[in-house]
Amino acid sequence: MALVLHAGDTNKNGFKALIAAEYSGVQVELAKNFVMGVSNKTPEFLKMNPIGKVPVLETPDGPIFESNAIARYVTRLKADNPLYGCSLIEYAHIEQWIDYASMEIDSNIARWLYPRLGYMPYLAVAEESAISSLKRALGALNSHLASSTYLVGHSVTLADIVMTCNLHIGFSRILVKSFTSEFPHVERYFWTMVNQPNFHKVVGEVKQADSVPPVPSQKKPVQPKEPAKPKEVKKEPKKEPVKPKVQEVMEEEEEAPKPKPKNPLDLLPPSKMILDEWKRLYSNTKTNFREVAIKGFWDMYDPEGYSLWFCDYKYNDENTVSFVTLNKVSGFLQRMDLTRKYAFGKMLVIGSEPPFKVKGVWLFRGQEIPKFVLDEVYDMELYDWAKVDISDEAQKERVNAMIEDQEPFEGEALLDAKCFK
């Protein structure tokens, strides 16, 4: 019986066994017509791995699951396989780097990538933690590779196979050049490995990601409305066939959706400030911004109908990657879209080097931050919020500086400024 690997032909965990097989002269065949989400849900597959995960290796002695275990099995089919080193200490170091590749590299790439692909809930704080941990892990790997071509010894071992396969999904899906350039020895190592003939035969051409996947929409699923259980109501007329048309009309009236409740902000007393007029003035003012737009803002501002708020990101010390910080702010503004009728905002990313500071100023309808915003936009709890006291000239000038994108801002350079309007 030939060894059969149940996995898709682009599965990086399946690559480990296939590359090990190429180096070891072992024949491993991919299961034919394998479809992820279908093939791994069949009763036959679940007998091999009860939780339905891939890959699974089918052997004459029974199935094996978990990719590293499969790769080890394939490697050990060849006696005295150099993939496992030439001494006890080399064997231990190979196992060490296999664990490192799994626990420090693969897990942190997954914590960054999978939420952006929608496989896990996206949390900005969790992403920052993942990126920080990944940078630390890659930094240590980079230092090790500064004086080594391979992880252990002077030739490819199973540690290199596992490490390269785990890096593969990162390089191809999320680790853009501006990120990996901080780790030049890791870059050199990865491209050297994937271009080795036995690697290339399995993984093919590898292209580095040119952008980080965007954060998926965080809109909550619409909850089914409480009224109308139409199916149950419609069953009743069968007992009264005499008045079918009248009954149908009654049912239609009962099933008609209730009018959408008005946003509480629409029920506030009218304001003299027309938000759209301010947004047009802001967008159309190209010169003399302070004299035209800022002056116009305060002429329009209605302190009874609107309120101003400063926000300051709570975890600025974690903003160590510029493009991730910028993406974080962009994602926040996207999720604020539900407030477009009732708000205007400026967000500043401050600093010429990490950690970057994120601060902003927001104009909201009403005297408090709208409750539906606090309920729907999870980013709100990531910021400290302080209401602006417009009787304080210093706070008022700070509002002006933020709206104007004044640079330097509070003594520091601006990395970027984003507007919500």
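The model shown is predicted, which means the values in this text are computed figures rather than measured ones. (Residues numbered from 1 in each chain as written. Predicted model: local features only at pLDDT ≥ 70, side-chain atom pairs only at ≥ 80, totals over all residues. Heavy atoms only, no water.)

**Student:** Residues and numbers for the side chain of Asp-106, please.
**Tutor:** Relative to the assigned elements, Asp-106 resides in helix α4 (residues 88-116). One polar contact links Asp-106 to Lys-12, side chain to side chain, over a distance of 2.7 Å. Once residues within four sequence positions are removed from consideration, Asp-106 is found in contact with Lys-12, Ala-101 and Asn-166. (Helix = DSSP H or I, 4+ residues; strand = E, 2+ residues; numbered from the N terminus. Polar contact = N/O pair within 3.5 Å; in protein donor to acceptor, adjacent residues only side chain to side chain. Contact = heavy atoms within 4.5 Å.)

**Student:** Residues and numbers for the pairing of strand β7 (residues 357-365), please.
**Tutor:** Among the nine residues that make up β7, eight are buried, leaving the element largely enclosed by the rest of the structure. Where strand β6 (residues 343-350) lies against β7, eight bridges are found, and the strand directions are antiparallel. Bridging across to β7, Ala-343 finds its partner in Phe-364. Linkage of β6 to β7, two consecutive antiparallel strands, is achieved through a turn of six residues, within which Gly-351 is found at a positive phi near 125°. (Buried < 20%, exposed > 50% of the residue type's maximum accessible area, 1.4 Å probe, protein only. Pairing = 2+ DSSP bridges.)

**Student:** With reference to specific residues and values, describe the packing of aromatic side chains.
**Tutor:** Within the structure shown, the criterion is met by 28 aromatic pairs. Consider the rings of Trp-97 and Tyr-100, whose centres lie 5.1 Å apart with planes at 70°: the pair is edge-to-face. One end of the pair is Trp-97 and the other is Tyr-100, both in helix α4 and three residues apart, which spans about a single turn. Summarising the burial analysis for this pair, Trp-97 and Tyr-100 share the class buried. For the cation-ring pair, Lys-396 lies above Trp-298, with the distance from its terminal atom to the ring centre recorded as 4.7 Å. Taking NZ or CZ as reference, Arg-398 lies 4.5 Å from the ring centre of Phe-310, over its face. (Phe/Tyr/Trp six-rings, centres within 6.5 Å; stacked < 30°, edge-to-face > 60°. Lys NZ or Arg CZ within 6 Å of the ring centre and 35° of its normal.)

**Student:** Describe in detail the sheet that holds β7, supporting the description with residues and values.
**Tutor:** Read across the open sheet, the five strands follow the order β8-β5-β7-β6-β9; overall the sheet is antiparallel. With one partner strand each, in any of the chains shown, β8 (383-387) and β9 (414-420) form the two edges of the open sheet. For this sheet the average axis-to-axis angle between neighbouring strands, irrespective of direction, equals 15°. (Axes fitted to C-alpha atoms, helices over the stretch in contact; angles between N-to-C directions.)

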